[in-house]
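Architecture and fold: a report
Here's the letter readout for the chains.
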Amino acid sequence: MDDQSIWSRIVSGDVAALRNLHDKYYYQLWLWASKHTHNETLAEELVADCFIKLWERRKHILIEKSLKSYLYLMLRNQMVSQQRKSKKQIVFNSENIPDLPEETTINSQDFYAGLYRAIQKIPEQRRKILELAVFDSLTYNEIATRLNISVNTVKTQMGRSYQFLKEELDPKNFLLFSLLQKKRKALKLPSTN
Amino acid sequence: MNKNDQYYWDLIAGKLHNELDSAENDLFEKGIDDPSTRNNYTKSQKIQEGLKEAQQLEKSDKNASWNAIKRQVRVNTIQLYSRKFLKYAAILVVAFVAGFYFHSLNKNKQVQYAEMEIMYGQTGHLFLFDGTEVWLNSGSKFRYPNQFNINERDVFIEGEAFFKVAPNEHLPFKVKTEQLEIEVLGTSFNVSAYPGEASQSVVLVEGKVQLNNPDGKKIGEMIPGQLAVKTEGDPKIRVQSADPYFYTSWKDGKVIFDGENLGEIAKKMERWYNVEIRFDAENLKDFKFTGTILRNKPIDQTINAMELLAPIQFNYVVKTEEKNIITIQKR
């Protein structure tokens, strides 16, 4: 369901539509919030508050750009008011209050969220192998020893994981994510000269 | 890539993780000439990079998040038939200007309260569980039980609100503030209680209300068209007649002034438009205005109109990190 129909259902008081929206954008928003707050619990609360506020004010909100950017805007404002509220416990200083995310940032959050959803779908043993290789930087040999399987199994399972993830992800996500990478490279160039 | 698909994927993964021996590496290099293999390799590089970021999400909890939201968000089925009741509901307007604290909350500890905060520059509108309709003005905090129990309907306000109370003869509706309690039996009313202002006022449009002190003891009753003013430190309440329309039009997005001075108007504008207003000279506050402001119009229009009416000038300074500042000067 596209955002516009989700939104009109929310406005008419449909809680299921709110859940729909939540499940669609939860990971992206959480990731962005936790990156700036460095506090997972707080990120959790800030994101939840956005959806609660969105619901409470649904009759008064005019979505000008897109629902997605509106959610980021709300989240950003939540961070600002959170900071005002908790002047005693320094959660983040004003430098850490993020600007509204650019299109490229939003797109890369989408990419990460999509990836996370996709790895959930990989069968457990295969996922375990991938996680040991990517997150723990173990070699194929180390993984084989740890899981008591052959190196050859690790090899083919790794191949299948990458193949699966590539097929599972929206081609559009790859395209938009690559824009970010190009930009990064462009930024890096002057400093290396 | 063709029949050897699976094998090439093994090579791609091996390449990314530095696990290829030289023979495998040759095979990989050969395969990469093929555009679709190259494409898959590029995508896999992005996957590898993205996975590290995505891993952060292990610490998130989507279901817990939704459960937290669900607790706050309740479908107001009562909304559907409340309009029918409202037709018969009497209307009462209560306006307070005073500080506020949650009095007598401990009387019923098991009741869960929801709190709603309206940002400056915004208004809110909601239905309570019993069918009561509430409009909240800018900068208000409103506290209400998630579910009314059998014996009472008590709500708390700091700021300004208009209530249309769903009638229920057996269950009084009470609005509480620091200094007052307004008791209603099946009627509608508006509450406003901004902190930092000395007096409170209650305006009754229709029906009948009883004013109590914070302990619930009766002070007096009001009839429609009356304005009751309670000033801090003064135990008495002054009652006079007034046009309720002046006190309730805000909920329809209109603000009406009748000879109100600029100092008071500026205070209200600060709340509606979320700006800070400063005066170049104290005596500028004494200009009196009569007229109507439409709140859904941008502030510029309001300013322009006021500049036409009085020899004053508004200077608007836009600030990115804080409130915009308006300075009022003599022209």
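Residues numbered from 1 in each chain as written. Chains lettered and ligands numbered in written order. Predicted model: local features only at pLDDT ≥ 70, side-chain atom pairs only at ≥ 80, totals over all residues.

**Digging into the overall build of chain A**
In terms of regular secondary structure, chain A is built from nine helices and zero strands. The order of α-helices and β-strands along chain A, N terminus first, is α-α-α-α-α-α-α-α-α. Burial analysis of chain A (193 residues in total) assigns 31% to the buried set. Look at the contacts in chain A between residues 6 or more apart in sequence, and 63% of them connect residues 24 or more apart. (Helix = DSSP H or I, 4+ residues; strand = E, 2+ residues; numbered from the N terminus. Buried ≥ 20, exposed ≤ 12 C-beta atoms within 10 Å, placed from the backbone. Contact = placed C-beta atoms within 7 Å.)

**Here we look at the overall build of chain B**
Tallying secondary structure elements over chain B gives eight helices and 22 strands in all. Looking at the 331 residues of chain B, the share that counts as buried comes to 35%. A separation of at least 24 residues holds for 59% of the contacts in chain B among residues at least 6 apart in sequence.

**Describing the nonpolar core**
Judged by nonpolar contacts, the single largest core of 54 residues is most densely connected at A:L29, A:W30, A:V47, A:C50, A:L75 and A:L115. Looking at which element gives the most residues to this core, the answer is helix α2 (residues 15-37) of chain A, with 10 residues. (Core = buried A, V, L, I, M, F, W, Y, C linked by C-beta atoms within 7 Å.)

**A word on the sheet that holds strand β3 (residues 113-117) of chain B**
Residues and elements named next belong to chain B. Taking strand neighbours across the sheet as the criterion, the seven strands line up as β3-β6-β7-β9-β10-β14-β15 in an open arrangement whose pairing is mixed. Two strands lie at the open edges of the sheet, namely β3 and β15 (218-222), each paired on one side alone. Going across the sheet, the axis of each strand differs from the next one's by a mean of 20°, ignoring polarity. For strand β7 (residues 153-158) and strand β9 (residues 173-176), the ladder comprises four bridges, and the chain directions are parallel. Bridging from a neighbouring strand, R153 pairs with F173 of β9. (Pairing = 2+ DSSP bridges. Axes fitted to C-alpha atoms, helices over the stretch in contact; angles between N-to-C directions.)

**Quick notes on the sheet that holds strand β22 (residues 324-330) of chain B**
Residues and elements named next belong to chain B. Taken in spatial order, the three strands make up an open sheet running β19-β22-β21, and their pairing is mixed. The sheet is open, and its two edges are formed by β19 (275-279) and β21 (312-317), each paired on a single side. The average angle at which neighbouring strand axes cross in this sheet is 25°, direction not considered. Taken strand by strand, helix α8 (residues 299-309) contacts β19 and β21, and its axis lies near 155° from that of β21.

**With respect to the pairing of β7(B)**
All names here are of chain B. Burial of β7 is extensive: six of the six residues sit out of reach of the surface. By the bridge criterion, three bridges tie strand β6 (residues 141-145) to β7 in an arrangement that is antiparallel. When the sheet's bridge partners are listed, R143 is paired in β7 with F156.

**A closer look at the packing of helix α1 (residues 3-11) of chain A against α2(A)**
Residue and element names in this part refer to chain A. Where α1 contacts α2, the axes come no closer than 7 Å and their chain directions differ by 140°. As the angle between them shows, α1 and α2 are arranged oblique. Like other packed secondary-structure pairs, α1 and α2 cross with a definite hand, here left-handed. Within the contact between the two elements, α1 uses I6, R9 and I10 and α2 uses A17, L18, N20 and L21. For the contact of α1 with α2, the residue count by class is five nonpolar, one polar and one charged. (Parallel < 35°, antiparallel > 145°, perpendicular 65-115°, else oblique. Left-handed = near helix turned anticlockwise from the far one by under 90°. Nonpolar A, V, L, I, M, F, W, Y, C, P; charged D, E, K, R; others polar.)

**A short note on the confidence of the model for chain A**
Close inspection of predicted coordinates is inappropriate for parts of the model with low pLDDT. When pLDDT is averaged along chain A, the result is 81; 82% of the residues meet or exceed 70. Within the model, the stretch residues 88-95 of chain A combines pLDDT values under 50 with 10 contacts to residues more than four positions away or in other chains. (pLDDT = per-residue confidence, 0-100.)

**Considering unusual backbone geometry**
Residue and element names in this part refer to chain A. Even without a glycine there, the phi angle at H38 is positive, about 55°. Counting through the fold element by element, H38 comes out in the loop between α2 and α3 (40-56). Look at H38 and you get exposed, because 11 C-beta atoms sit within 10 Å. Phi angles above zero are rare outside glycine, and S137 is one such case at about 50°. Relative to the helices and strands, S137 is located in the loop between α6 (124-134) and α7 (140-147). By C-beta crowding, S137 is classed as exposed, having 9 other C-beta atoms within 10 Å.

**What to know about the packing of α7(A) against helix α8 (residues 151-168) of chain A**
Working note: a packed helix pair is described by the angle between its axes plus the distance between those axes. All names here are of chain A. Between α7 and α8, the least distance of the axes is 8 Å, while the angle of their chain directions is 110°. Comparing their axes, α8 and α7 come out roughly perpendicular. Here the hand of the crossing between α7 and α8 comes out right-handed. When α7 is examined against α8, the residues Y140, N141, I143 and A144 are found in contact with a partner set consisting of V151, V154 and K155. Class assignment of the residues belonging to the contact of α7 with α8 gives a composition of five nonpolar, one polar and one charged.

**Here's the deal with the environment of B:P145**
Residue and element names in this part refer to chain B. As for its placement among the helices and strands, P145 is situated in strand β6. What makes P145 partly exposed here is the crowd of 19 C-beta atoms within 10 Å. For the pair P145 and Y113, spaced 32 residues apart in sequence, the C-alpha to C-alpha distance is 4.1 Å.

**Focus on the confidence of the model for chain B**
Residues at a pLDDT of 70 or more form 79% of chain B, whose mean pLDDT is 75. Between residues 75-109 of chain B, whose pLDDT stays under 50, and residues either more than four places distant or in other chains, the model counts 102 contacts.

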